[in-house]
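Reading the structure
Here are the chains, one letter per residue:
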Amino acid sequence: MEPVESLPLETAEKIILRWDSTASEEAREKMIFEGDREEVDLYLRAVDEIQRSMSTATISDEQSKVNSSIQIAMARLEDEFRNILISNTNPIDTSSSLHHPNTEEDDEQQEPPREHQLDSSGAASVSSITTSGSSYRSASSIREIDLLPGDAVEDLRCIAERMISCGYLRECIQVYGSVRKSAVDASFRRLGVEKLSIGDVQRLEWEQLEAKIRRWIRAAKVCVRTLFASEKKLCEQIFDGVGTAIDDACFMETVKGPAIQLFNFAEAISISRRSPEKLFKILDLHDALMDLIPDIDLVFDSKSSESIRVQAAEILSRLAEAARGILSEFENAVLREPSKVPVPGGTIHPLTRYVMNYISLISDYKQTLNELIVSKPSTGSRYSGDPSTPDMDFAELEGKTPLAIHLIWIIVILQFNLDGKSKHYKDASLSHLFIMNNVHYIVQKVRGSSELREMIGDDYLKKLTGKFRQAATSYQRATWVRVLYCLRDEGLHVSGGFSSGVSKSALRERFKAFNAMFEEVHRTQAVWLIPDSQLREELRISISEKLIPAYRSFLGRFRSHIESGRHPENYIKYSVEDLEDAVLDFFEGIPVSQHLRRRSE
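What counts and how
- Residues numbered from 1 in each chain as written.
- Predicted model: local features only at pLDDT ≥ 70, side-chain atom pairs only at ≥ 80, totals over all residues.
- Heavy atoms only, no water.
- Helix = DSSP H or I, 4+ residues; strand = E, 2+ residues; numbered from the N terminus.
- Buried < 20%, exposed > 50% of the residue type's maximum accessible area, 1.4 Å probe, protein only.
- Contact = heavy atoms within 4.5 Å.
- Areas by Shrake-Rupley, 256 points an atom, 1.4 Å probe, with all protein chains shown as cover.
- Polar contact = N/O pair within 3.5 Å; in protein donor to acceptor, adjacent residues only side chain to side chain.
- Salt bridge = Lys/Arg side-chain N within 4 Å of Asp/Glu carboxyl O.
- Phe/Tyr/Trp six-rings, centres within 6.5 Å; stacked < 30°, edge-to-face > 60°.
- Axes fitted to C-alpha atoms, helices over the stretch in contact; angles between N-to-C directions.
- Parallel < 35°, antiparallel > 145°, perpendicular 65-115°, else oblique.
- Left-handed = near helix turned anticlockwise from the far one by under 90°.
- Nonpolar A, V, L, I, M, F, W, Y, C, P; charged D, E, K, R; others polar.
- Core = buried A, V, L, I, M, F, W, Y, C linked by side-chain atoms within 4.5 Å.
- Expected span 1.5 Å × (residues − 1).
- pLDDT = per-residue confidence, 0-100.

Counting its regular elements, the protein contains 22 helices and 2 strands. In the protein, which comprises 601 residues, the proportion classed as buried is 49%. In the protein, 77% of the contacts between residues at least 6 apart in sequence involve partners at least 24 apart. Surface accessibility of the protein: about 28700 Å² in total, with carbon and sulfur atoms responsible for 49%.

If you trace the backbone, Thr-226 turns up in helix H10 (residues 206–239). Separated by 2.9 Å, the side chain of Thr-226 and the backbone oxygen of Arg-143 make a polar contact.

Attention shifts here to the pattern of salt bridges. In the structure shown here, the tally under the stated rule is 34 salt bridges. Here Glu-231 and Arg-180 are joined by a salt bridge, their closest N and O atoms 2.6 Å apart. On the criterion of sequence distance, the pair formed by Glu-231 in helix H10 and Arg-180 in helix H8 (residues 169–191) is long-range, its members being 51 residues apart. Note on accessibility: Glu-231 and Arg-180 belong to one class, buried.

What follows concerns the packing of aromatic side chains. Across all of its chains, the model carries 21 aromatic pairs by this definition. Centroid distance Phe-188 to Phe-228: 6.2 Å. Interplanar angle 45°. Geometry classified as tilted. With Phe-188 in helix H8 and Phe-228 in helix H10, this residue pair connects regions lying 40 residues apart in the sequence. On the basis of relative accessibility, which here comes to 0%, the residue Phe-228 falls in the buried class. Seen from their ring centres, Trp-216 and Phe-265 are 6.3 Å apart, and the 25° between their planes marks the pair as stacked. In this pair, Trp-216 sits in helix H10 while Phe-265 sits in helix H11 (residues 246–270), placing the two residues 49 residues apart along the sequence. Each member of the pair, Trp-216 as well as Phe-265, carries the same accessibility label: buried.

Now for the packing of helix H16 (residues 402–422) against helix H19 (residues 458–485). One way to put it is that H16 packs onto H19 with a least axis distance of 12 Å and a crossing angle of 15°. Between H16 and H19, the angle falls in the class roughly parallel. Considering only the axes of H16 and H19, their crossing is left-handed. Listed contacts from H19 to Ile-408, Ile-411, Val-412, Gln-415 and Asp-419 of H16 are Tyr-460, Leu-464 and Lys-467. Counted by class, the contact of H16 with H19 contains 5 nonpolar, 1 polar and 2 charged residues.

What follows concerns the packing of helix H17 (residues 428–447) against H19. Contact geometry of H17 with H19 gives a least axis separation of 8 Å together with a crossing angle of 155°. Classified by the angle between their axes, H17 and H19 sit roughly antiparallel to one another. Seen along the crossing, H17 lies across H19 with a hand that is left-handed. Taken together, the residues of H19 that come into contact with H17 (itself represented by Ser-429, His-432, Leu-433, Ile-435, Met-436, Val-439, His-440, Ile-442, Val-443, Val-446 and Arg-447) are Leu-461, Leu-464, Thr-465, Lys-467, Phe-468, Ala-471, Ala-472, Ser-474, Tyr-475, Ala-478 and Thr-479. Here the contact of H17 with H19 is composed, by residue class, of 14 nonpolar, 6 polar and 2 charged.

Grouped burial of nonpolar side chains is what soluble globular proteins tend to show. Counting residues in each nonpolar core, the largest one holds 182 residues, and the members touching the most others are Phe-81, Phe-228, Phe-239, Phe-300 and Ile-362. Ranked by the residues each element gives to this core, the list is headed by H10, at 17 residues. Beyond its immediate chain neighbours, meaning those up to four positions away, Phe-239 contacts Phe-81, Arg-157, Ala-160, Ile-164, Cys-172, Tyr-176, Ile-246, Asp-247 and Cys-250.

Even without glycine at this site, Phe-587 takes up a positive phi of about 65°. According to the relative accessible area criterion, Phe-587 is buried, its value standing at 0%.

Right, let's talk about the environment of Trp-409 for a bit. Topologically, Trp-409 is positioned in helix H16. Judged by its relative accessible area of 1%, Trp-409 is buried. Taking the C-alpha atoms as reference points, Trp-409 and Pro-377, 32 residues apart in sequence, are found 7.5 Å from one another.

What follows covers the environment of Lys-423. When you line up the elements, Lys-423 lands in the loop between H16 and H17. In the structure, Lys-423 is positioned 83 residues away from Lys-340 in sequence and 9.3 Å away in space, judged by C-alpha atoms.

Taking 1.5 Å of rise per residue, the 16 residues of helix H7 (residues 150–165) would be expected to cover 22 Å, and the 23 Å separating its terminal C-alpha atoms lies within 8% of that figure. Regarding H7, the residues found buried are Ala-152, Val-153, Asp-155, Leu-156, Cys-158, Ile-159, Ala-160, Arg-162, Met-163 and Ile-164. One or two steps after H7, the chain reaches Gly-167, where phi turns positive at roughly 90°.

This paragraph deals with the environment of Lys-233. Among the structural elements, Lys-233 can be located in helix H10. Of the residues examined, Lys-233 reaches a relative accessible area of 9% and is grouped as buried. For the pair Lys-233 and Leu-147, spaced 86 residues apart in sequence, the C-alpha separation works out to 8.9 Å. Side-chain polar atoms of Lys-233 contact the side chain of Asp-146, separated by 2.4 Å.

With respect to the helices, strands and loops of the structure, His-406 is situated in helix H16. Once you skip the residues sitting within four places of it in the chain, His-406 turns out to touch Leu-327, Glu-331, Ile-373, Ser-375, Lys-376 and Pro-377.

This next bit is on H16. Along its 21 residues, H16 runs 30 Å from first to last C-alpha, staying within 8% of the 30 Å computed at 1.5 Å per residue. Here H16 lies mainly inside the structure; 17 of its 21 residues are buried.

Before going further, it helps to examine the confidence of the model for the protein. Where the model shows low pLDDT, its predicted coordinates should not be examined in detail. Chain-level pLDDT for the protein is 85 on average; 85% of the residues reach the 70-or-more range. Taken element by element, the protein is modelled with least confidence in helix H6 (residues 104–109), mean pLDDT 38, and with most confidence in H17, mean pLDDT 97. Ignoring residues within four places in sequence, the model shows residues 97–139, a span with pLDDT below 50, making 96 contacts including any to other chains.

Right, dumping it as structure tokens:
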């Protein structure tokens, strides 16, 4: 290409003055870069000639005239620069990144796609995604888009070169930053990123925050990997090579405020009051930020953006510490849970359901928590001497991860609390039934989760199984030993002279005692509840195996002695079949009539 012929200084000054927006209404209403390209090139040549004349002008009047022309030209170029930016800026269409095919409920459990390719209307199109250029773009998760058309970028670069060479760097950066920051703010609004201070976030109810955390996780990935990365690329396209680190200065002018606004939300969560219900959303936030840290380090890789990298790293560290603290506080809350009102019927306590569902969710986050939980529980060592805290021999758990030990410790604490609650039942049988129900529920929850079972281990699971079976045995002893005691032979036989016989009065009293005792057990224990149908059936079978043969044998040995006397129906009230039917009423949680149902003769 042949070199462009320079303009005479006088001609250049006339061109500059013709486009002086302070002196001409036509110049105010028209924009040079929206018109004919020849006019654009002519104006830029005029600016170049005026700039050259700055170094050659020798007479003070001439210097003054050149300086005045330069000021007019820079003011004009600043307006043109702003107009090109504004007229070519379109908010990014974020809908394709936020609208996942899964339901809102699925969004809680699944991460949105890692590759956010943003559709847009206007300049920012999917077809413009690129991974070429600076080294950071080699990261597969970075998905840039061209924010402005190529010809607009070229015009902005031409203007920037001239403004900066004439000493108008600060004005250029300010104009660029103000316009692009507004564009970023518009994209933030579309992504649902709200302008909330740390105080604002901490004043929100947790239910509100849960929804905002889900949206923040999706939005943050788009912001870092597409929005901020694309802004960085645009700065490089316009300013790279124009001056030392000018592209980075413009990038930070544009995104520093929005980036701080974005990360302030996560920071507010990381330093908020800890409570058990927050753990899993904090872990979601931690995992999302952990996933983003490499991209944050790549996009904000300069010295001037170090504060953004540091803020993100510090938030990640605080989220990890918050998760550890919440787990510890959860353990204390389970230990100290104060409710003393017995649950009706000895069924599963709400605390048991809550705790086991909670640790099942913990097991779903095993990968993250295994990295975060690095120490064993601080209490619970064997023979601690504190009667308000259970003992656990950590030596028996050698080889398990700290997280697994914490989960076992939580179950130990839960059982300790349940043992205390069982003492609030006035009936010892019901107390044992309560422990059986609750420990059985714990066992079933562990067995139902492969992750939880792997961490708890079969050895400890066997201990839990033994405990609920022992509770079932203790229940049967507390209830049925005294019932079956009525069916013994001792005390019924009398001896006199040369023969022995049966005391009918003692036998009548024995049948009366059995009837009364069984009716009371039947009446009370029908309203007791074993929610697990298999466990309920197993216990009924066990009761029947002890009760029915004993009653059948007793009836067979002594029935004739009662039936030979007056009103035998007052003493032999129930057949074997009546008792078999009655056992089926046990543990259904449903009241029965005062007396047993009699089989029709």
